[in-house]
Amino acid sequence: MDLAYIPSPSTGVINLGPIPLRGYAFCIIIGVFVAVWYGNKRWIARGGTAGTVADIAVWAVPFGLVGGRLYHVITDYQLYFSEGENWVDAFKIWEGGLGIWGAIALGAVGAWIGCRRRGIPLPAYADAIAPGIAFAQAIGRWGNWFNQELYGKPTDLPWALKITESANREAGLYHPTFLYESLWCVGVAFLVIWADRRFKLGHGRAFALYVAAYCVGRAWIEYMRVDEAHHILGLRLNVWTAIGVFLLAVVYMVVSARVRPGREEIVEPKAAKEAADKAAPKADGEDADVAEADAGDAVTDGLPDDRKDADVSDGDAAHDADNGAGSAAKG
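Residues numbered from 1 in each chain as written. Predicted model: local features only at pLDDT ≥ 70, side-chain atom pairs only at ≥ 80, totals over all residues. Heavy atoms only, no water.

Here we take up the pattern of salt bridges. Counted by the stated rule, this structure contains 13 salt bridges. Measuring nitrogen to oxygen at the nearest pair gives 2.8 Å for the salt bridge that ties Arg118 to Asp55. Residue Arg118 is found in helix H4 (residues 100-118), and its partner Asp55 is found in helix H2 (residues 52-75); the two are separated by 63 residues along the sequence. Accessibility expressed as a relative area gives 30% for Arg118, which makes it partly exposed. Residue Asp55 is classed as partly exposed on the basis of its relative accessible area of 39%. (Salt bridge = Lys/Arg side-chain N within 4 Å of Asp/Glu carboxyl O. Helix = DSSP H or I, 4+ residues; strand = E, 2+ residues; numbered from the N terminus. Buried < 20%, exposed > 50% of the residue type's maximum accessible area, 1.4 Å probe, protein only.)

This is the structure in structure tokens:
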């Protein structure tokens with residue numbers, strides 16, 4: 001008898017009249033909003049302007065979705081192009097199937113386009129949004145829970161995931177690998193936040209740390225999964241991908257730290273220029289006052305001593321006359 005387990009939703013879709021609301025899509029959308037919101041906070045803290053992260057996300061998110069779907073369809077082509085399958089299903093993204101490797105790769109292309117349009121260095125932008133992407137992945141993984149997919153090997157642990165029977169799966173209790181990855185991504189996000197504050201990471205190194213840390217977790221979580229996948233030398237394709245991407249991220253961190261140490265002082269030139277322009281009028285006014293005072297002193301300094309005394313006496317006499325006139329008026 002199973003005393004404890006994580007139940008799966010009876011359905012991943014709620015119909016509001018003719019409009020289907022899918023849990024998988026909701027998780028993706030919420031994750032994107034969290035990534036943009038938190039990325040915007042970090043960008044402002046780095047000296048950027050509000051709204052820049054969202055403007056660039058308009059390019060990055062669509063590219064990322066396309067890249068994630070392409071990676072999934074290419075690496076699992078048998079699900080859509082083998083005998084008896086319908087290739088049209090390759091476009092049904094709401095049924096699940098986004099490869100993070102393709103999403104990050106093509107999403108980076110979209111972000112690069114957005115950054116170039118605003119004159120922003122891509123590495124600085126990537127550092128700002130890195131923890132937000134990890135949080136977004138943590139939220140997005142719950143979409144697999146709604147679809148009852150990407151679970152692990154059978155288990156009798158108290159936190160086992162209960163899967164119901166369908167045409168493509170057997171009922172039973174399995175490792176909730178979606179939950180493992182979700183929790184791992186939360187840990188990765190906090191790791192990047194801590195390391196960024198502690199070591200002042202810059203020039204893309206915070207993003208590289210996120211990539212490397214995610215790959216470590218993805219490798220062992222991927223090894224637990226039982227869904228169909230291509231294998232190379234006994235390991236799943238995504239395990240090899242995680243190993244390769246991890247090595248590239250580590251190499252980038254090491255080389256970048258040597259070539260471009262420290263952190264960017266200016267991440268958004270436009271914002272820095274606007275701040276300088278706002279401070280310029282005040283500075284100009286202060287300089288004019290100082291110059292006027294210096295000019296007066298120079299004129300006085302150029303007079304003979306007796307003339308200076310005369311000016312002082314004239315001033316005192318005028319002051320006394322004013323006081324006398326005032327007293328007479330009061331009388």
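So, on to helix H9 (residues 237-259). Across its 23 residues, H9 extends 33 Å between first and last C-alpha, which sits within 8% of the 33 Å expected from 1.5 Å per residue. Buried residues along H9 sit in contact with H2, H4, helix H8 (205-224) and strand S6 (235-236). (Expected span 1.5 Å × (residues − 1). Contact = heavy atoms within 4.5 Å.)

A pair of packed helices is captured by two measures, namely the crossing angle of their axes and the spacing between those axes. One way to put it is that helix H1 (residues 23-45) packs onto H2 with a least axis distance of 10 Å and a crossing angle of 145 degrees. The way H1 lies across H2 gives a crossing that is right-handed. Facing Ile28, Val32, Val36, Gly39, Asn40 and Trp43 of H1, the residues of H2 in contact are Thr52, Val53, Ala54, Ala57, Val61 and Leu65. In the contact of H1 with H2, the residues fall into nine nonpolar, three polar and no charged. (Axes fitted to C-alpha atoms, helices over the stretch in contact; angles between N-to-C directions. Left-handed = near helix turned anticlockwise from the far one by under 90°. Nonpolar A, V, L, I, M, F, W, Y, C, P; charged D, E, K, R; others polar.)

As a further point, take the packing of H8 against H9. One can describe the packing of H8 onto H9 by two numbers: an axis separation of 8 Å at closest approach and a directional angle of 155 degrees. On the basis of their axis angle, the class for H8 and H9 is roughly antiparallel. Crossing handedness for the pair H8 and H9: left-handed. Seen from H8, the contacting residues are Arg205, Ala208, Leu209, Val211, Ala212, Cys215, Val216, Arg218, Ala219, Glu222 and Tyr223; seen from H9, they are Asn238, Val239, Ala242, Val245, Phe246, Ala249, Val250, Tyr252, Met253, Ser256 and Ala257. Of the residues assigned to the contact of H8 with H9, the class counts are 17 nonpolar, two polar and three charged. (Parallel < 35°, antiparallel > 145°, perpendicular 65-115°, else oblique.)

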